[in-house]
Structures are given as structure tokens and as C-alpha cells.
Amino acid sequence: MSGNSLECRGPGRGLWGLYFWALTHHWFLPCDVYSHAPLRSSDILSSIGYETIIQHLNNGRKNCKEFEDFLKERASIEEKYGKDLLGLSRKKPCGQSETNTLKRALDVFKLQIDSVAQSHIQLAQTLREEARKMEEFREKQKLQRKKTELIMDAAHKQKSLQFKKTMDAKKNYEQKCRDKDEAEQAVHRSANVANPKQQEKLFVKLATSKTAVEDSDKAYMLHINTLDKVREEWQSEHIKACEVFETQECERINFFRNALWLHMNQLSQQCVTSDNMYEEVRKSLEMCSIEKDIEYFVNQRKTGQTPPAPIMYENFYCPQKNAAPPGKATGSDLARRRPLPIPKSLPDDPDYSLPDNYSLIYQ
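Student: When you look at the overall build of the chain in this model, what are you seeing that I'm missing?
Tutor: When you go through the chain residue by residue, the secondary structure sums to 6 helices and 2 strands. Start at the N end of the chain and walk to the C end: the helices and strands fall as α-β-β-α-α-α-α-α. Look at the contacts in the chain between residues 6 or more apart in sequence, and 80% of them connect residues 24 or more apart.

Student: Quick question: what am I supposed to make of the environment of I224 here?
Tutor: For I224, the position within the fold is in helix 4 (residues 196-286). Residues I224 and K170, spaced 54 residues apart in sequence, show a C-alpha to C-alpha distance of 9.1 Å.

Student: Would you take a moment to explain the pattern of salt bridges for this structure?
Tutor: Charged atoms that come close allow side chains of opposite charge to pair. Using the criterion set out here, one finds 22 salt bridges in the structure. For K83, the salt bridge goes to E79, with nearest N and O atoms at 3.8 Å. With K83 and E79 both in helix 2 (residues 48-91) and 4 residues apart, the pair spans about one turn of that helix. The partly exposed category is assigned to K83, whose relative accessible area is 49%. Note that E249 and R252 form a salt bridge whose closest N and O atoms lie 3.0 Å from each other. Of this pair, E249 and R252 both sit in helix 4, 3 residues apart, roughly one helical turn.

Student: Sorry if this is basic, but what is going on with unusual backbone geometry here?
Tutor: Note: most residues except glycine have negative phi, and most peptide bonds are trans. Phi is positive for N100, close to 55°, though the residue is something other than glycine. Following the sequence through the fold, N100 ends up in helix 3 (residues 100-189). Looking at N100, the relative accessible area reads 17%, which means it is buried.

Reading guide: rules and limits
- Residues numbered from 1 in each chain as written.
- Predicted model: local features only at pLDDT ≥ 70, side-chain atom pairs only at ≥ 80, totals over all residues.
- Heavy atoms only, no water.
- Helix = DSSP H or I, 4+ residues; strand = E, 2+ residues; numbered from the N terminus.
- Contact = heavy atoms within 4.5 Å.
- Salt bridge = Lys/Arg side-chain N within 4 Å of Asp/Glu carboxyl O.
- Buried < 20%, exposed > 50% of the residue type's maximum accessible area, 1.4 Å probe, protein only.

As far as function goes, none of this settles anything; it's purely spatial.
Structure representation (C-alpha cells):
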């Protein structure tokens, strides 16, 4: 296959490798080669960049499926055309009563048309094979993607779950802080109250609230640290996924492009094959001889050398045959053949070419 192959720069070194920078700055690039405007999201739960890549990959898979269906339909057209042409060549009479050199040319014509029909049927089988290869390629990439998508789905769920736990811990911590503040205010308000038991209760509540704040603060910090680890793990998996998807997309574009290139080569080869077969017909037509065909017909169908004798006049009362009327030619003169006429030129038609001035090069 000719043509320049597409360059694949390797995982993480192309456009999609920019995801590392994007994630560390809370930007989520769509990583679509058709878009240059990044989509911003400061939400840690946002997956807009990942979803955009998945959508792009799905579109690419759909495009491959469309080309696969195109090949199958083209194969059906080629097969139907080949079978119809084969039926026409074998069943439809075409100059079956011709003789000698023109008959041989017609035999070559029917044979080559039959071969052209067979070549179209063979092309249909080739196209179906190419469609099968495209289908296998799609399914192979689908299975490869599935593994990465499962890992990413698990990472997304873990991040979301840990984020929820962290937010719950934050709410609990904030509530405990408010409870402590209320307890401190209650102690200050009761400073002048003479009831020692009431003050003791307030001090116990304050101490309890301080302990609760310390415990909730530790739990909150623990969840924050855990969330950061989960975020780093998710980010690492995200970058790996981008590298895998970038490699897949590079392979898909290259495979799709090469498949289309091969399809064009197959169609071109079909045209060359057909023209070679038609050239055989043209060569056989060049061997046709008008003189030989006329001579062959005369020799095969002649009824004699002497024409019928003229009918003589017979007088009823005088039974004596008169001589031939004056000016009438007799046998030997009529048996002579004149030279063959020259075929009249056909009207000026650019689609028609006589065998003696035929050329593959258009004038």
C-alpha cells in the first residue's frame, strides 16, 4: 500500500498528554483535536473532560461502523452486478448466427464479459473480508477500552464516595464548633449566677463540646487526607486512561485511513482488470476480416457456379426456340463477382473508434 503512514507520537506525548497539566490546575481539557477552547471546572466531582474523550471515542467507533456498513452494501452491489452480468453473458444470445472471424470475436467478447462478471463477484468477497477486518478492529478496541473504563468508573465512584464522607465530616466538625461556641457563651452569661451546680453543668458541657470538636477535627482532617490520596490515585488513573485512549485513537485513525486507501486501490485494480479483459476483445476485433467472412459465407452457402438459363420463347404453331433476347447476358458473365464494397463511414461519433485507428490514448 502506498502513501505516507500516519505518525503516532506515543502515549502521553500528544494533545491528550496535556491532561496532566490540566488536572493539576483544575482544568479539564476536552482533548478533542477539533476544539482548542478548554472547558473549566473547579468541581472535584466534575468528569467533563473524561466524558468528552469517551464521546469522541464513541464517535470514532461509530464512524468505523458506518464505513464497515458501507463496504458491506458496496459488496452487495458488486455481487448483484456481477451475477446480473453473468446471467446476461450466459443466457442472452448475442450474434449467435455470426460466422468465421466475427464469430470468434464474439466468442471472446462473451468469454471476457463472463470474466468481468466473475471479477466483480470476487471484488464483493474481498470487500466483505475488509468489512470483517474493520469489525474485528472495532471489537478489539472496544474490549481494550472496557478494561480502562471499568478502572476509571471505580476511581470515579471511590472519589465521589470519599468526597461525600469528607463533606459529612466537615458538617459534623462545623456543628461541633458551633456547639462549643454556644457552650462558651453560656458559661460567660452565667458568670454572675450564684447557682454553683448550674455553672458546673455548663463547664462540663463546655469540656464535652471541646472534646467533641477535637475528635471531629481529627476525623475531618483524616477524611481530607484520605480524599487527597483518592484524588491523587484518580488523577494517576485518569492520566493512564488518557494515554491509553490517545494510543487507541492514533491506531484507529491510521487503520481507518489505510482501510480507505486500500478500498480505493481495490476499485482501481478492478477498473484495470476490466480494461485488460476488454482489450482482449479489441484485439480479437482487430483480427476480424470482412473479406474472409464474406468469402466464408459464399463458400459455405453457395448453390452453384452457373445461374439459371433464360426462358426461351416457343411459338405454338412453329415449335422452335428463339435465341436469347438481344442485350441479355448469359451464364459465364453473370457468375463473375465484383470487388467488395467499402463500408460507409459512420457519423462522427466520439464514442466509436474503428479497429484500425483505435488507441488507448485519447486524442
